[in-house]
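Remarks on the overall topology
Each chain, written out:
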Amino acid sequence: MITVELDNFSLKEICQSGQCFRMYETEENTYELIAGDQYLKMTQDGGIVNFHCSDMEFICYWVPYFDIDADYSSYIAKINPRDTYLSAAAECGSGIRILQQDLWEMIITFLISQQNNISRIRGCVERLCEAYGEKKISGEKEYYAFPNPERLAAASEDDLRGLGMGYRARYIVETTRSILNGEISLDRIYQYRYYSRAKQELLKLSGVGEKVADCICLFALHHMDAFPIDTHIRQVLDEHYKRGFPNRRYRGMRGIMQQYIFYYELNKK
DNA sequence: AGCCAGGGACCAT
DNA sequence: ATGGTCCATGGC
């Protein structure tokens, strides 16, 4: 087990920030996460966080995954103090991290997310993993990895509708096909240095539009300028930023500001 | 019963 | 480029 003391890091806020749909609070201050084919159990008490894994796994996998080396207080310090809304949002979600999740997993997960609510998205993703993911064991814990493209290709559109994917089933089938046949290369998308280039490529996928592409750029590729505009963010922009969000000021950190707002809207009051 | 949920494809101007 | 309309499903 690894024990570390971290600033601006809250498992509760990360869990509720809606980036990862396979992270659960299983008991008080205890969280379980399945990312790709990895399982991780964590506990947190104040700033002390325990990761139930080896040194090697922590350093190679979870440090980049949770963006642990980044200093989020410097992001928060850049917020315009006169922007009382954003200041309040960032204070509310100051422990949020922008995760670096698997690209393929984010593509499928955010295809499912569209016009859907978070609890139902969780259910859909879980059923998809149970049906097509590889069964794994970590200690006493049995879990299903997220299915890779080859495994998911076994699913027909009707199969996926049977799992409750609704009209998104066609998007999943078509997107899986275009990645397997090499029409779109995940490796290439990983290597694009510029956010706009990665997004442009993602937009070629069936069922991937502006918002979903931005989520993938932010939560998998760590393009911190991606600013997904969903129905909640739209309402905030209309209400608090009638003259537009101050993009210039937050260049290079728009994505984390978006997450503070999103989390705030879902958890305030 | 109708509205909403981390929207996008497709079609009409 | 912009603006409807339709697309499944479950919770309220």
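Below is a short write-up of the structure. (Residues numbered from 1 in each chain as written. Chains lettered and ligands numbered in written order. Predicted model: local features only at pLDDT ≥ 70, side-chain atom pairs only at ≥ 80, totals over all residues. Heavy atoms only, no water.)

**Things to note about the protein's contact with DNA strand B**
Surrounding DNA strand B, one finds 27 residues, the nearest of these being I118, Y167, D230, H232 and Q258. Within 4 Å of the protein, the contacting atoms of DNA strand B are 61% sugar and phosphate, with bases supplying the remainder. Within the backbone of G207, one N or O atom sits 3.3 Å away from a phosphate oxygen of DNA strand B. Put simply, the parts of the chain that give the surface near DNA strand B at least two residues each are α5 (103-113), α12 (210-219), α13 (231-240) and α14 (254-267). Ranked by residues supplied to the surface near DNA strand B, first place goes to α12 with four residues. For the surface near DNA strand B, the residue count by class is ten nonpolar, 14 polar and three charged. (Near = heavy atom within 4 Å. Polar contact = N/O pair within 3.5 Å; in protein donor to acceptor, adjacent residues only side chain to side chain. Helix = DSSP H or I, 4+ residues; strand = E, 2+ residues; numbered from the N terminus. Nonpolar A, V, L, I, M, F, W, Y, C, P; charged D, E, K, R; others polar.)

**Things to note about the protein's contact with DNA strand C**
In the neighbourhood of DNA strand C, the contacting residues comprise Q115, N117, R120, R161, G166, Y167 and R168. Here the atoms of DNA strand C within 4 Å of the protein split so that 60% fall in sugar or phosphate, with bases taking the remainder. Between DNA strand C and Y167, the relevant distance is 3.1 Å, taken from a sugar or linking oxygen to a main-chain nitrogen or oxygen of the residue. A distance of 3.4 Å is found between a base nitrogen of DNA strand C and a side-chain nitrogen or oxygen belonging to R168. When the residues that make up the surface near DNA strand C are grouped by side-chain class, the tally is one nonpolar, three polar and three charged.

**Looking at the sheet that holds strand β5 (residues 48-51)**
Strand order in this open sheet of five strands is β1-β5-β4-β3-β2, and the pairing throughout is antiparallel. Single-partner strands in this sheet number two, and they are β1 (2-5) and β2 (23-27). Across the sheet, the mean angle separating the axes of adjacent strands is 25° when strand polarity is ignored. As judged from the six bridges shared by strand β3 (residues 30-35) and strand β4 (residues 38-45), these two strands associate in the antiparallel manner. Of the residues in β4, the one forming a bridge with I34 is Y39. (Pairing = 2+ DSSP bridges. Axes fitted to C-alpha atoms, helices over the stretch in contact; angles between N-to-C directions.)

**Focus: the packing of α5 against helix α9 (residues 168-180)**
Across the interface, α5 lies against α9 with an axial gap of 9 Å and an inter-helix angle of 160°. With respect to each other, α5 and α9 are oriented roughly antiparallel. As α5 runs across α9, the sense of the crossing is right-handed. Contact residues: α5 offers W104, I107, I108, L111 and I112, while α9 offers R168, Y171, I172, T175, T176 and I179. (Parallel < 35°, antiparallel > 145°, perpendicular 65-115°, else oblique. Left-handed = near helix turned anticlockwise from the far one by under 90°. Contact = heavy atoms within 4.5 Å.)

**Here's the deal with the pairing of strand β6 (residues 135-138)**
Here β6 runs beside strand β7 (residues 141-144); their pairing, made up of four bridges, is antiparallel. Counterpart to I137 in the pairing with β7 is E142. The hairpin turn running from β6 into β7, its antiparallel successor, is two residues long, and G139 in that turn takes a positive phi close to 65°.

**Considering empty space enclosed by the protein**
Taken as a whole, this structure holds one cavity of 30 Å³ or more when the rule is applied. Looking at the largest cavity, its volume works out to about 30 Å³. In terms of lining residues, the largest cavity is bounded by C20, F21, R22, Q101, E105, M106, T109 and V125. In terms of residues, the lining of the largest cavity owes the most to one element, α5, which gives three residues. Counting contributing residues, the lining of the largest cavity receives three or more from each of domain 1 (2-70) and domain 2 (103-208). (1 Å grid on protein atoms, 1.4 Å probe; cavity = no way out; pocket = protein on both sides within 12 Å on 5 of 7 lines; lining within 4 Å. Points joined across faces, edges and corners; volume = space filled by probe spheres on them. Domains from an automatic or database assignment.)

**Here we look at helix α11 (residues 195-202)**
Among the residues of α11, those classed as buried are A198, K199, E201 and L202. End-on, the buried residues of α11 take up no more than an arc of 160°, which puts them together on one face. At its buried positions, α11 is contacted by α5, α10 (186-191) and α12. (Buried < 20%, exposed > 50% of the residue type's maximum accessible area, 1.4 Å probe, protein only. Arc of directions from axis to C-beta.)

**Here's the deal with the packing of aromatic side chains**
Tallying each qualifying case throughout the model produces 18 aromatic pairs. With centroids separated by 5.1 Å and ring planes inclined at 65°, the aromatic side chains of Y241 and F245 adopt a geometry described as edge-to-face. Y241 sits in the buried class, given a relative accessible area of 9%. Looking at F245, the relative accessible area reads 10%, which means it is buried. Each residue in the set F9, F51, F58, Y61, W62, Y65 and F66 is aromatic and connected to the rest through ring pairs, giving one cluster. (Phe/Tyr/Trp six-rings, centres within 6.5 Å; stacked < 30°, edge-to-face > 60°.)

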